[in-house]
Amino acid sequence: MNAMTALPRYEVYALRYATRDARRPSHFIGGDPHDAPMPMDYYLWLVRGNGRTVLVDTGFTAEVARQRGRTFLESPVALLQRFGVEAEAIDDIILSHLHYDHAGNLPAFPRAAFHVQDEEVSYATGRYMCHHRLRHGYEVDDVVELVRLVYKDRVRFYQGDAELMPGLTMHRIGGHTAGLQCVRVNTANGWLVLASDTAHFYENMESQRPFPTVFHMGDMLEGFNTLRELASSPRQIVPGHDPQVMHRYPPPSEAFRGAIVRLDQIVP
Ligand SMILES: [Zn+2]
Ligand SMILES: [Zn+2]
């Protein structure tokens with residue numbers, strides 16, 4: 001057995017906790033000629049294996065959903081619990097970035113270490129947040145909560161690519177925000193990539209038309225290439241907000257249809 005085949009393989013799930021109605025022109029830079037419905041789903045991701053339970057992102061709260069007019073389906077913490085995963089059981093939480101829909105609920109996880117890129121924390125606490133256009137994707141309470149966790153030795157910082165554990169790596173992408181990172185996981189089908197907001201929808205990467213929330217356009221476009229380089233096949237890239245994810249992959253059981261799908265057992 002060589003080193004590659006010896007890598008642990010992980011179970012990976014997408015958990016859908018909120019949604020909103022939207023139309024196509026709001027999801028592409030420059031709009032879209034077809035003014036048709038294109039709803040957006042909100043996810044977090046669960047990775048299990050090698051004796052560890054890892055969360056990628058933490059979703060938002062009911063209160064933030066109300067403030068921002070999102071349809072809250074189920075609290076991320078309650079959804080995890082319904083799936084048999086207590087918040088106390090989470091060892092590690094990778095924060096893809098600190099936008100409100102990815103980095104809320106932090107105090108709900110009492111034991112976890114949080115893994116984030118240096119640049120994301122600098123960005124979310126620095127001069128660019130003087131601009132409403134760049135800060136409106138963040139909730140200041142989430143950012144402050146992360147800073148509190150820094151002072152409690154609960155945050156691990158990274159610059160660029162890093163290995164959390166064998167077969168589970170983080171890759172700085174930037175583009176959408178300064179320190180956005182994606183996550184690559186070894187599965188029974190090879191490398192699966194959780195793109196988070198590197199690609200909100202399959203169509204953003206397939207048509208090379210980014211989502212309109214942009215910090216650095218060049219990094220954003222390069223990010224689509226990085227996703228393809230990291231994944232075993234283009235179909236093993238999981239976008240961050242696409243309702244199609246719930247249709248391309250199977251639920252772990254009927255009870256979770258529409259709420260959770262398992263990503264590691266089939267290639268769609
Ligand atoms: Zn985002
Ligand atoms: Zn997002």
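### Some words on the pairing of strand 2 (residues 40–49)
With eight of its ten residues buried, strand 2 lies for the most part within the structure. As paired strands, strand 1 (residues 11–20) and strand 2 are joined by nine bridges and run antiparallel to one another. Residue pairing for strand 2: Y13 is matched across the bridge by L46. Summarising the sheet, strand 2 and strand 3 (residues 52–56) pair through five bridges and their orientation is antiparallel. Bridge assignment links W45 to a residue of strand 3, and that residue is V56. Adjacent in sequence and paired antiparallel, strand 2 and strand 3 are bridged by two residues, among which N50 carries a positive phi angle near 55 degrees.

### Side note on the pairing of strand 10 (residues 181–187)
Counting buried positions along strand 10 gives seven out of seven residues, so the element sits mostly inside the fold. Covered by surrounding structure in strand 10 are Q181, V183, V185 and T187 together with C182, R184 and N186, the residues of both alternating faces. Of the pairings in the sheet, the one linking strand 9 (residues 168–172) to strand 10 comprises five bridges and is antiparallel in character. Residue H171 lies in a different strand from strand 10, and its bridge partner there is C182. Pairing of strand 10 with strand 11 (residues 190–196), which is carried by five bridges, proceeds in the antiparallel orientation. Paired with R184 across the bridge in strand 11 is V193.

### Remarks on the sheet that holds strand 9
The five strands are arranged 8-9-10-11-12 in an open sheet whose pairing can be described as mixed. Two strands bound the open sheet, and with one partner strand each, they are strand 8 (162–165) and strand 12 (237–239). Averaged over all pairs of adjacent strands, the angle between strand axes in this sheet comes to 25 degrees, irrespective of strand direction. For strand 8 and strand 9, the ladder comprises three bridges, and the chain directions are antiparallel. Paired with E163 across the two strands is T169, which belongs to strand 9.

Reading the values: rules and limits
Residues numbered from 1 in each chain as written. Chains lettered and ligands numbered in written order. Predicted model: local features only at pLDDT ≥ 70, side-chain atom pairs only at ≥ 80, totals over all residues. Buried ≥ 20, exposed ≤ 12 C-beta atoms within 10 Å, placed from the backbone. Helix = DSSP H or I, 4+ residues; strand = E, 2+ residues; numbered from the N terminus. Pairing = 2+ DSSP bridges. Axes fitted to C-alpha atoms, helices over the stretch in contact; angles between N-to-C directions.

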